[in-house]
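# Residue-level structural notes
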Amino acid sequence: MATCDLSGRKVLITGGARGLGLKMAETVAAQGAAVVVADIDAEAGQASADALAEQGHQASFVHLDVTDDASWAAAVPDAVAALGGLDVLVNNAGIEITDLFVDLDPANARKTFDVNVVGTMLGIKHAFLTMRPEGAAGAGGAVINIASVAATIAFPGIAAYSASKSAIDRLTRVAAAESGRLGYGVRVNAVCPGLVPNAMGAQLANDTAERGLFGSPDEAVGAVVSLTPSGRLATEQDIANGVAFLASEDSAFVNGVALSVDGGMGM
Ligand code: NAD
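A brief look at the structure comes next. Given the structure is predicted, the values throughout are model-derived calculations rather than measurements.

## Side note on the packing of aromatic side chains
With the rule as written, the count across this model stands at 2 aromatic pairs. Judged by centre distance (5.5 Å) and plane angle (25°), the rings of F155 and F214 are stacked. With F155 in the loop between β5 (141-146) and α5 (159-181) and F214 in the loop between α6 (199-210) and α7 (217-226), the pair connects residues that are 59 residues apart, well separated along the chain. Using a relative accessible area of 12% as the deciding quantity, one classes F155 as buried.

Below, the structure is given as structure tokens:
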């Protein structure tokens, strides 16, 4: 568990209903932050926020489709009202659809870019509008974009996903530059997680094996581990700890970077 002090921080996490986003919510809440979980899955998102509140944390849910500008325009003021401000946005919502190039479905590629790239950009837009000095929260803060080790290595079968995560890496730096230039007081960083054996990670191992890239899902996982100096897969807690660091004052002078939390796989 992270030990960064996040007392009083007001944090909005997209894709917080399950998986990595939920672990991030649990982690920052345990360090003293108030959290709003935002997700397209209202039932799971509400249940996750309720579970956090039952554990004694300040937590609530807002419905959000990250691909929809109007959805952001409605959700962010609700989050600001629930939190009493906004210090941190974690753009975590993302999807992965495995496709070999020879089978490429343009609809899958477009959907991947829409959620992962456009969704992240819209999050930055609404965070800047809200957190810059003239915004409804107005106190600056931090945006943390969840990219992937796939932005830094070439793994077969995930071209659209890898390209979308590489885009997040680059747009993170543009956003940091723009925020600095225009005096928004918002740091913008990314986290590049290694493969986590949760639902998304397991699906990727299954899908790449099914498409003949590896003999089995275990072989796909073995290939990842063998490329990782630390010799294991990532845990959800590993990734959440990186997010907590970038959300805290411990990273006050860290801006425009992509923090690899991947055991060295992407170095
Ligand atoms: P997940 O599929 O378990 O969770 C993703 C969450 O995002 C879900 O709650 C889903 O409902 C939500 N979501 C999807 N589309 C949305 C939309 N349009 N609007 C709002 N919410 C939406 O995945 P995860 O493993 O928790 O991954 C979280 C992030 O971490 C993703 O960006 C993913 O690409 C990245 N990542 C995951 C891994 C891994 O191994 N799991 C590795 C590297 C990076």
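## Section: the site of the ligand
In the neighbourhood of the ligand, 26 residues make up the surrounding shell, with L20, D39, N92, Y161 and V196 lying closest. L20 places a main-chain nitrogen or oxygen 2.7 Å from an oxygen atom of the ligand. Take K165: an N or O atom from its side chain is 2.9 Å from an oxygen atom of the ligand. Protein contact buries 94% of the 840 Å² of open area that the ligand shows by itself. A majority-of-atoms criterion places the ligand in the largest pocket. When contributions to the shell around the ligand are tallied by element, the ones reaching two or more residues are α1 (19-30), α5 and α6. Split by residue class, the shell around the ligand holds 13 nonpolar, 8 polar and 5 charged.

## Remarks on α6
The periodicity of an α-helix, 3.6 residues per turn, causes residues three or four positions apart to be oriented the same way. Compared with an ideal rise of 1.5 Å per residue, which puts 12 residues at 16 Å, α6 spans 16 Å between its outermost C-alpha atoms and is within 8% of the ideal. Considering only its buried residues, α6 is in contact with α7. N-capping of α6 is provided by N198, with a side-chain oxygen placed 3.2 Å from the backbone N of M200. Following α6 by one or two positions, G212 adopts a phi angle in the positive range, close to 80°.

## Here we look at the pairing of strand β2 (residues 34-39)
Within β2, 6 of the 6 residues are buried, leaving the element largely enclosed by the surrounding structure. Judged by which residues are buried, β2 turns out to be covered on both faces: A34, V36 and A38 on one side and V35, V37 and D39 on the other are all buried. Bridge count for strand β1 (residues 10-14) against β2 is 5 bridges, and the pairing is parallel. Residue V11 lies in a different strand from β2, and its bridge partner there is V35. Sheet topology note: the β2/strand β3 (residues 59-63) ladder contains 5 bridges and is parallel. From the neighbouring strand, D39 faces β3, where its bridge partner is H63.

## Looking at the environment of R110
Relative to the elements of secondary structure, R110 occurs in helix α4 (residues 106-131). Overall, the relative accessible area of 62% leaves R110 in the exposed class. Separated by 72 residues in sequence, R110 and L182 have C-alpha atoms that sit 31 Å apart.

## Regarding the pattern of salt bridges
This model, assessed by the stated rule, comprises 8 salt bridges. The salt bridge involving R132 is made with E134; its shortest N-O contact spans 3.6 Å. Assessed through its relative accessible area of 58%, E134 is described here as exposed. Among the charged side chains, a salt-bridge network with shared partners connects D207, E210 and R211.

Calculation criteria
Residues numbered from 1 in each chain as written. Predicted model: local features only at pLDDT ≥ 70, side-chain atom pairs only at ≥ 80, totals over all residues. Heavy atoms only, no water. Phe/Tyr/Trp six-rings, centres within 6.5 Å; stacked < 30°, edge-to-face > 60°. Helix = DSSP H or I, 4+ residues; strand = E, 2+ residues; numbered from the N terminus. Buried < 20%, exposed > 50% of the residue type's maximum accessible area, 1.4 Å probe, protein only. Near = heavy atom within 4 Å. Polar contact = N/O pair within 3.5 Å; in protein donor to acceptor, adjacent residues only side chain to side chain. Areas by Shrake-Rupley, 256 points an atom, 1.4 Å probe, with all protein chains shown as cover. 1 Å grid on protein atoms, 1.4 Å probe; cavity = no way out; pocket = protein on both sides within 12 Å on 5 of 7 lines; lining within 4 Å. Sits in = over half its atoms within 2 Å of the grid points. Nonpolar A, V, L, I, M, F, W, Y, C, P; charged D, E, K, R; others polar. Expected span 1.5 Å × (residues − 1). Contact = heavy atoms within 4.5 Å. Pairing = 2+ DSSP bridges. Salt bridge = Lys/Arg side-chain N within 4 Å of Asp/Glu carboxyl O.

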